[in-house]
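# Summary of the model geometry
Given next are the chains, with one letter for each unit.
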Amino acid sequence: MAHSYLLSSFLAPGLNRRRDRWGGPLERRARLARQVARVVREEVGDAVAVTAKVSVSDGFGGGVTTPMCVELAQLLEADGHLDALQLSGGSSLMNPMYLFRGDAPVAEFAATMPPLVRWGMRTPVGRGFMKRYTFEEAYFRAKALEVRSAVAMPLMLLGGINELATMRQAMADGFDFVVMGRALLREPDLVNRLRAGEVGGGSCIHCNRCMPTIYSGTRCPEWSPEQVIPLARPRG
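Residues numbered from 1 in each chain as written. Predicted model: local features only at pLDDT ≥ 70, side-chain atom pairs only at ≥ 80, totals over all residues. Heavy atoms only, no water.

What follows deals with the packing of helix H4 (residues 66-79) against helix H9 (residues 141-148). Their axes nearest at 9 Å, the elements H4 and H9 cross at an angle of 35°. Here H4 runs over H9; the crossing is right-handed. For the pair formed by H4 and H9, the contact residues are Thr66, Cys69, Val70 and Ala73 on the first element and Lys143, Glu146 and Val147 on the second. (Axes fitted to C-alpha atoms, helices over the stretch in contact; angles between N-to-C directions. Helix = DSSP H or I, 4+ residues; strand = E, 2+ residues; numbered from the N terminus. Left-handed = near helix turned anticlockwise from the far one by under 90°. Contact = heavy atoms within 4.5 Å.)

Dropping the structure here:
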């Protein structure tokens with residue numbers, strides 16, 4: 001339900017220009033997402049947790065805004081089909097760096113593309129697609145707090161979270177979980193090391209050069225082979 005994929009594109013008024021029961025006010029634009037949540041819950045019952053990722057802000061004109069996200073969260077909470085919401089942002093279609101923040105790996109992305117697309121990414125229009133946003137930890141926190149104040153259901157906070165202090169602040173803010181992506185690509189054992197008190201945070205530098213690796217096997221380019229953590233062997 002985020003990042004301008006199918007369900008999210010129905011939610012964004014600038015992308016959903018339908019004039020039937022699937023477009024117009026948010027309650028109608030949210031019809032598909034709510035029906036999907038219902039059908040998934042009916043299929044799995046209580047066997048697994050059902051969560052959804054929603055956007056606190058799409059980061060482009062005509063996208064989902066924070067007030068829209070609050071209203072959507074209230075609708076989803078009233079439906080009762082989801083166990084938690086993950087509060088994300090940005091648009092893979094319109095503004096991907098609004099989600100990632102930090103360095104924009106334009107050259108690395110261009111290198112993975114066909115020649116014509118590679119040329120296009122070197123133009124001002126192509127470079128403008130990968131906007132640059134200053135990184136700060138938990139950069140969705142302020143917008144996510146607006147959602148937290150409007151619903152009682154469990155919520156997950158994300159946004160470049162690396163530090164244990166940030167995780168504790170999220171718990172103090174009333175969030176039920178924090179979500180980590182790039183930090184765990186860099187250090188798959190980070191959570192265990194935080195739990196053991198070995199470190200107070202991760203070493204991800206938010207260079208975002210992991211983003212283009214989605215086409216060849218998502219990984220942290222900063223890793224060297226000797227850092228690979230061996231899989232635990234089963235006992236017996």
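There is more to say after this.
Judged by pairing direction, the sheet is parallel, and its four strands sit side by side in the order S1-S2-S3-S4 without closing on themselves. Unpaired on one side and paired on the other, strand S1 (51-55) and strand S4 (177-178) mark the two borders of the sheet. Contacting S1 and strand S2 (84-88), H4 runs over the sheet at an angle of about 160° to S1. (Pairing = 2+ DSSP bridges.)

Here we come to unusual backbone geometry. The phi dihedral of His3 is positive, around 65°, even though this residue is not glycine. Here His3 shows up in the segment before helix H1 (6-11). Overall, the relative accessible area of 8% leaves His3 in the buried class. In this model, Asn208 sits at a positive phi of 65°, which is unusual for a non-glycine residue. (Buried < 20%, exposed > 50% of the residue type's maximum accessible area, 1.4 Å probe, protein only.)

Once that is clear, we can look at the state of the cysteines. For the coordinates displayed, the defined rule picks out zero disulfides. This cysteine, Cys207, is not joined by any disulfide, and Cys220 carries the nearest cysteine sulfur, 6.2 Å off. (Disulfide = S-S within 2.5 Å.)

Further remarks concern the nonpolar core. Judged by nonpolar contacts, the single largest core of 46 residues is most densely connected at Met1, Val54, Leu82, Leu85, Leu87, Val147 and Leu155. Per-element tally for this core: the top contributor is H4, with six residues. Contact partners of Leu87, with chain neighbours within four places excluded, come to Val54, Val56, Phe140, Ala144, Val147, Leu155, Met156, Leu158 and Phe175. Grouped together as the second largest cluster of nonpolar side chains are nine residues, Met97, Ala104, Phe109 and Met211 included. (Core = buried A, V, L, I, M, F, W, Y, C linked by side-chain atoms within 4.5 Å.)

What follows concerns a nonpolar patch on the surface. On the surface, Leu15, Leu93 and Met94 cluster together into a nonpolar patch covering about 240 Å² of accessible area. Take Leu93: it is sitting in the loop between S2 and helix H5 (97-100). (Patch = residues over 30% accessible without salt bridge, like charges linked within 9 Å, V, L, I, M, F, W, Y side chains within 5 Å. Areas by Shrake-Rupley, 256 points an atom, 1.4 Å probe, with all protein chains shown as cover. Salt bridge = Lys/Arg side-chain N within 4 Å of Asp/Glu carboxyl O.)

Here the chain averages 91 in pLDDT, while 94% of its residues score no lower than 70. In this model, residues 230-236 is a region of pLDDT below 50 whose contacts with residues beyond four sequence positions or in other chains number zero contacts. (pLDDT = per-residue confidence, 0-100.)

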